[in-house]
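Understanding the architecture of this molecule
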Amino acid sequence: MKIAVLPGDGIGTEIVAEAVKVLHVLGLSFEMETALVGGAAYEAHGHPLPDATLKLAQSADAILFGAVGDWKYDKLERALRPEQAILGLRKNLGLFANFRPAICYEQLVDASSLKPELIAGLDILIIRELTGDIYFGQPRGRRVATDGHFPGAEEAFDTMRYSRPEIERIAHVAFQAARKRGKHVTSVDKANVLETFQLWKDVLTEIGKEYPDVTLDHMYVDNAAMQLVKKPKFFDVVVTGNMFGDILSDEAAMLTGSIGMLPSASLNSKNQGLYEPSHGSAPDIAGKGVANPLATILSAAMMLRFSLNQAEAADRIEVAVKKVLAQGLRTPDIYSEGTTKVGTREMGEAVVKALG
Ligand code: IPM
Ligand code: MG
C-alpha cells in the first residue's frame, strides 16, 4: 500500500503531520512518500503541481492531501495558482466522485448556528461530480463580444456541459452509497433553466429505476440551498454536479458548525482516491498550532476504508475521535465553555492515545 502525502500550504503541513502520526500507530505497513504541492511547490519548483508530485500521486493507491492556497498567490496567472494543483490532480487521476459527509457530532450540536433540534443527529452525504461541468468544460476564455447585449465589449465565457456517461457513473455511485445508508437520494439540478441539467435529471431518473429500493427525488438547486437550512434532516444522499456541489457542500458543512471536523474523499473508477479535509488552508492561523487536525485524521480513516481496504482500522480511528470529543478536548474552532482547549498537536496526540 502506497500513500502519497501532500501537505500543501497554510495549516496543511500541521494537520497532515497529525494524521500521519495516527496512521503510524495502527500497526499496518504502508509506504508513505511526501511531496510539495500548491503554493509550496510553486515556491520551490515554479509550478503548483510539479511533474514529480503528479507522478507520485499517480503511482500511489491513495493520496493524503492537506490544503492549498494563500492570498499572496491571488495575483499569479491562473495556471500557476495553488488551486490548479487540486484541479490538476482531479483531472489527471480522473477523480470524478467526491464524497463530502456533513455529520453533526453529538458533542458539537451547539457549535451550529442553527437550532440544536434542527441538526442533532444530522448525517448527510453530498456526492459531488468532480471532473466535469463548468469547471472543466471547453471552450472558455476572454474575447471581444461579437453579439449579445454589448457587441464590441470585452467578455468572458465558460462552458457548462455533461455527457450521459459522466452522469450515469456518478448516479450509480450515489444510488450505491444510498443503499448502504438511508436509501434516499436527492438529485439537485437546475433543469428548469439549463439543458445540461435537464439531461442530468433525465439520466438520474433512468438510472434510479435500477434501484427500486432507493427513493429518488429531484430538487432545484436554489430550493436545495433553502431546504438545507430549513429542514436539513430531510436529506440523506445528495448528488449533484461540480459547481452546485461546490456551493452546497460548503453550506452543508457549516450546518454542523464545525467544518474543522469534516473529511472528504475523491475517487476514480479504480478506487484510487484523494483524501482531504473539507476546509481550506486557513493562512490566517497557519503555523500557530491551533488548527483542528480531526478532519484530516478522519480523511485518513476514509482513505483506509475506501482505497486501502482497511475498514477495521478506519473504524478504530473514528471511535478514537469520538472518544477525544467525549473527553472534552476541543481545538479553538469547536471550543465552548466547560470544555478543554487544546492545540493541533495535543489533539493529534490525544487521538493516538485513544487508539491505544
Ligand atoms: C473545493 C474547493 C475547490 C473547488 C477550489 C480550491 C478549486 O473550493 O474543493 O470545494 O472549487 O472545487
Ligand atoms: Mg469549495
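Above this text you will find the structure in question.
Below: a short report on this structure. Every value quoted in this text rests on a predicted model; they were computed, and no experiment measured them.

Along its 12 residues, helix α12 (residues 344-355) runs 17 Å from first to last C-alpha, staying within 8% of the 16 Å computed at 1.5 Å per residue. Along α12, the positions that sit buried rather than exposed are Thr-344, Met-347, Gly-348, Ala-350, Val-351, Ala-354 and Leu-355. One side of α12 holds all its buried residues, which, seen down the axis, span an arc of 155°. Summarising the geometry of α12, the exposed residues directed more than 90 degrees from the buried face are Arg-345 and Lys-353.

Moving on, we get to the site of ligand 1. Taken together, Glu-83, Arg-90, Arg-100, Arg-128, Tyr-135 and Asp-246 make up the full set of residues near ligand 1. The separation between an oxygen atom of ligand 1 and a polar side-chain atom of Arg-100 is 2.8 Å. One of the side-chain N or O atoms of Tyr-135 is found 2.5 Å from an oxygen atom in ligand 1. For ligand 1, whose free accessible area comes to 320 Å², the fraction covered by protein is 71%. Considered class by class, the residues forming the shell around ligand 1 number 1 nonpolar, no polar and 5 charged.

With the rule as written, the count across this model stands at 8 aromatic pairs. Ring geometry for Phe-99 versus Phe-306: centroids 5.4 Å apart, planes at 35°, classification tilted. Here Phe-306 lies in helix α10 (residues 294-306) and Phe-99 lies in strand β4 (residues 97-103), a separation of 207 residues in the sequence. The class of Phe-99 is buried, set by a relative accessible area of 8%.

Within strand β1 (residues 2-8), 7 of the 7 residues are buried, which leaves it mostly tucked inside the rest of the structure. Because side chains alternate across β1, one face comprises the buried residues Lys-2, Ala-4, Leu-6 and Gly-8, and the other comprises Ile-3, Val-5 and Pro-7, equally buried. Relative to strand β2 (residues 31-34), β1 runs parallel, the two sharing 4 bridges. Bridge pairing in β2 places Val-5 opposite Thr-34. Read from β1 through helix α1 (residues 12-24) to β2, the crossover connection turns out right-handed. Pairing of β1 with strand β3 (residues 62-67), which is carried by 5 bridges, proceeds in the parallel orientation. Its bridge partner being in β3, Gly-8 is matched across the sheet by Ala-67.

About the criteria used
- Residues numbered from 1 in each chain as written.
- Chains lettered and ligands numbered in written order.
- Predicted model: local features only at pLDDT ≥ 70, side-chain atom pairs only at ≥ 80, totals over all residues.
- Heavy atoms only, no water.
- Helix = DSSP H or I, 4+ residues; strand = E, 2+ residues; numbered from the N terminus.
- Expected span 1.5 Å × (residues − 1).
- Buried < 20%, exposed > 50% of the residue type's maximum accessible area, 1.4 Å probe, protein only.
- Arc of directions from axis to C-beta.
- Near = heavy atom within 4 Å.
- Polar contact = N/O pair within 3.5 Å; in protein donor to acceptor, adjacent residues only side chain to side chain.
- Areas by Shrake-Rupley, 256 points an atom, 1.4 Å probe, with all protein chains shown as cover.
- Nonpolar A, V, L, I, M, F, W, Y, C, P; charged D, E, K, R; others polar.
- Phe/Tyr/Trp six-rings, centres within 6.5 Å; stacked < 30°, edge-to-face > 60°.
- Pairing = 2+ DSSP bridges.
- Right-handed = clockwise from strand over helix to strand, strands pointing away.

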